[in-house]
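These are the residues of each chain, in order.
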Amino acid sequence: MYKILFVDDDVAIHLLFSKISTERLHISCCPSGAAALETLKTDGSFHVIVSDYQMPEMDGVEFLTKAKDVSPASVRILLSGNADLAMAINAVNECGVFRILTKPCSLKILKKALRDALEFHRLSNVESHMSSKMTRAVIRMVSDIAAMHNPGLNSRTARILPLVKGLSRKLGDPDPWSTEVAAVLSSIGFVFLPDRLLDMIETGDAFGSVDYSIFTRHTEYSAKLLSRLPYFEDVCTKLSLQEAHYMDAGSDGGFSRDEIPVGARILKVVSDFDRLKAGGRGPGEALAMMKLRSNRYDPKVIKELGGLLGAEAQYHIREVYPLGLVEGMELAEDVYGVVKGKRMKFLARAQVLDSKMIDYIHRNAENIIDITKKITIKEKNIF
């Protein structure tokens, strides 16, 4: 069933509208723009909205402009008894009307306008649906091709995508769709990299300067590969800048700081975070390391990633020698020593060391614990 909404303050005109109603055409009539907006909010979207221009409180152009925000897929028709060029231009520019009809309007002309509007609605939705379906198919196909070359890339996408979505939402990304697509396709350029670099990516090994220079070329490969696809302009921009350093104006074509799209800044943080975790580091340790490389990342993204990860990212684990322990450190595991030839718990997990304990350890370490063996501690991250 098709749904048509007529808006006119002349209730007598509603009788004309009601004559169009059939089993397949449901007609709703409202006496004002305000009432019609409430109907749109409560009854859902309509296929076509027909509004009179000359109405008190809110004219037809103002109403249809607001209706466009509430029900953007609806086709809009304007009725006017004194249509002029200025009003017509305004109607097209402000609310994107499909057609302007002059009053009085015959039933025959009105029916034809509605048939044309319904056909336009059908074709627009088919095109939109097909474009969306085709876009998803292209994304899936490209992603599958990359995974065929390196199966590990699929698992990488599964790891980073939830974080990208969460950060995109928290940071008010103006174009979350292209950011999410860029995340899914962010590793497509990896297929052109040497196998040894792919191994280093999977294991989280650190790149030397030469290897890093070769690695960053994956952004160029990704952008070029996808540049011919329609609707992918913003995706390609984010892919080409996903390795740009936030503070370094010369790292990527002169783009730096907030000149880099927020989606590309998110990709940089999440990708590097994933690589550090692949190297065996915990979330807190990975974030702490990224904090030390502050020139590379947008601090807002780092902060929100810490919040998104929650408690697991508040601390990082590191190892220190017994004589390197200092006041305020928290032990991440029990520490055992030998007292009178018997192995005993010397320090307890989660214990926060104070000056007296540190002094005792320093004075007795050689007799109780192996000073060549490191002790694991937990430190709070500061962002």
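Fair warning: this is a prediction, and the values are worked out from it, not measured in the lab. Numbering of residues starts from 1 in every chain and runs along the sequence as written. Confidence filtering applies because this is a predicted model: local features only for residues at pLDDT of at least 70, side-chain atom pairs given and counted only at 80 or more, and all residues used for totals across whole chains, interfaces and linings. To get the side-chain values, take all heavy atoms of the structure and skip hydrogens and water.

(A) View of the packing of aromatic side chains. Two rings from Phe, Tyr or Trp (for Trp, the six-membered ring) form a pair when their centres are within 6.5 Å of each other. A pair whose planes differ by under 30 degrees is stacked, one over 60 is edge-to-face, and the rest are tilted. Under the definition given, this model contains 6 aromatic pairs. With a centroid separation of 5.9 Å and 50° between ring planes, the pair formed by Phe 190 and Phe 215 is classed as tilted. Within this pair, whereas Phe 190 is found in the loop between α7 (176-185) and α8 (195-203), its partner Phe 215 is found in helix α9 (residues 209-215), the two being separated by 25 residues in sequence. Considered together, Phe 190 and Phe 215 belong to a single accessibility category, that of buried residues. Relative to Phe 215, the ring of Tyr 212 lies with its centre 6.2 Å away and its plane at 35°, an arrangement referred to as tilted. Here Phe 215 and Tyr 212 lie together in helix α9, a separation of 3 residues that amounts to about one turn. Burial classes: relative accessible area under 20% of the type maximum marks a residue as buried, over 50% as exposed, and values in between as partly exposed (1.4 Å probe, protein chains only). Its relative accessible area of 25% is what places Tyr 212 among the partly exposed residues. Here the aromatic cluster, defined as three or more aromatic residues joined through ring pairs, consists of Phe 190, Phe 207, Tyr 212 and Phe 215. Consider the ring centre and the ring normal. A charge sits over the ring if Lys NZ or Arg CZ is within 6 Å of that centre and within 35 degrees of that normal. Stacked on the ring of Phe 46, the Lys or Arg Lys 3 has its end atom at 4.5 Å from the ring centre. Directly above the ring of Tyr 336 sits Arg 343, whose terminal nitrogen or CZ lies 4.0 Å from the centroid. The helix count covers DSSP runs of H or I at least four residues long, the strand count covers runs of E at least two residues long, and both are numbered beginning at the N terminus.

(B) Molecular detail of helix α6 (residues 152-170). By definition here, a helix of n residues has an expected span of 1.5 Å times n minus one. Between its first and last C-alpha, α6 extends 28 Å over 19 residues, near the 27 Å set by a 1.5 Å rise per residue. Of the residues making up α6, those classed as buried are Leu 153, Arg 156, Thr 157, Ile 160, Leu 161, Leu 163, Val 164, Gly 166, Leu 167 and Ser 168. Gly 172 sits one or two positions beyond α6 and adopts a positive phi of about 65°.

(C) Structural view of the pairing of strand β4 (residues 75-80). Most of β4 sits inside the fold, with 6 of its 6 residues counted as buried. The alternating pattern of β4 places Val 75, Ile 77 and Leu 79 and Arg 76, Leu 78 and Ser 80 on opposite faces, both of which are buried. What makes two strands pair is DSSP finding at least two bridges between them. Of the pairings in the sheet, the one linking strand β3 (residues 48-52) to β4 comprises 5 bridges and is parallel in character. Looking at β4, one finds that Val 50 is bridged to Ile 77. Note on handedness: a clockwise path from strand one over the helix to strand two, with the strands aimed away from the viewer, defines a right-handed crossover. Crossover handedness for the path β3 to helix α3 (residues 60-70) to β4: right-handed. Two strands pair when backbone bridges link them, and β4 and strand β5 (residues 99-102) are joined in this way by 4 bridges, in the parallel orientation. Among the inter-strand pairings, Ser 80 is bridged to a residue of β5, identified as Thr 102.

(D) Here's a closer look at the nonpolar core. The set of buried Ala, Val, Leu, Ile, Met, Phe, Trp, Tyr and Cys residues whose side-chain atoms join them within 4.5 Å is what this entry labels a nonpolar core. Counting 35 residues, the largest nonpolar core has Leu 185, Phe 273, Met 290 and Leu 305 as the members making the most contacts within it. Every element with two or more residues in this core is listed here: α5 (107-149), α6, α7, α10 (218-226), α11 (233-240), α12 (262-278), α13 (283-292) and α14 (299-309). In this analysis, two residues are considered to be in contact whenever any of their non-hydrogen atoms come within 4.5 Å of each other. Those residues in contact with Leu 185, other than ones at most four positions away along the chain, are Ile 139, Val 142, Ser 143, Ser 222, Leu 226, Phe 232 and Leu 239. Judged by nonpolar contacts, the second largest core, of 19 residues, contains Val 7, Leu 40, Leu 64 and Cys 95.

(E) Spatial organisation of the sheet that holds strand β1 (residues 2-7). Taken in spatial order, the 5 strands line up as β2-β1-β3-β4-β5 in an open sheet, and their pairing is parallel. Edge positions in the sheet fall to β2 (25-30) and β5, since each has one partner strand and no second. Neighbour to neighbour, the strand axes of the sheet diverge by 20° on average, direction disregarded. Lying on the sheet, helix α2 (residues 33-43) is in contact with β1, β2 and β3; it crosses β1 at an angle near 160°. Lines fitted to C-alpha atoms define the axes, with helix axes restricted to the stretch in contact, and inter-axis angles between N-to-C directions lie between 0 and 180 degrees.

(F) Representation of α2. Turning to α2, its buried residues number three or more, namely Gly 33, Ala 36, Leu 37, Thr 39 and Leu 40. Here the buried residues of α2 occupy an arc of 160° about the axis, which is enough to place them on one side. Of the exposed residues in α2, the ones pointing more than 90 degrees away from its buried face are Lys 41 and Thr 42. Contact partners of the buried residues in α2: β1, β2, β3 and α3. Phi for Gly 44, located one or two positions after α2, is positive at around 85°. By construction, the arc corresponds to the directions joining the helix axis to the C-beta atoms.

(G) Main features of a negative patch on the surface. Where like charges cluster on the molecular surface, the negative patch consists of Asp 195, Asp 199, Glu 202 and Asp 205. Relative to the elements of secondary structure, Asp 199 occurs in helix α8. The patches reported here contain residues having more than 30% relative accessible area and no salt bridge. Joining distances are 9 Å for like charges and 5 Å for nonpolar side chains (Val, Leu, Ile, Met, Phe, Trp, Tyr). The Shrake-Rupley method, run with a 1.4 Å probe sphere, supplies the accessible areas, and residue values consider only the shown protein chains as cover. Any carboxyl oxygen of Asp or Glu within 4 Å of a side-chain nitrogen of Lys or Arg constitutes a salt bridge here. Under the counting rule used here, the positive set is Lys and Arg, the negative set is Asp and Glu, and His together with the chain ends is not counted. Lysine's charge is taken at NZ, arginine's at CZ, aspartate's at CG and glutamate's at CD.

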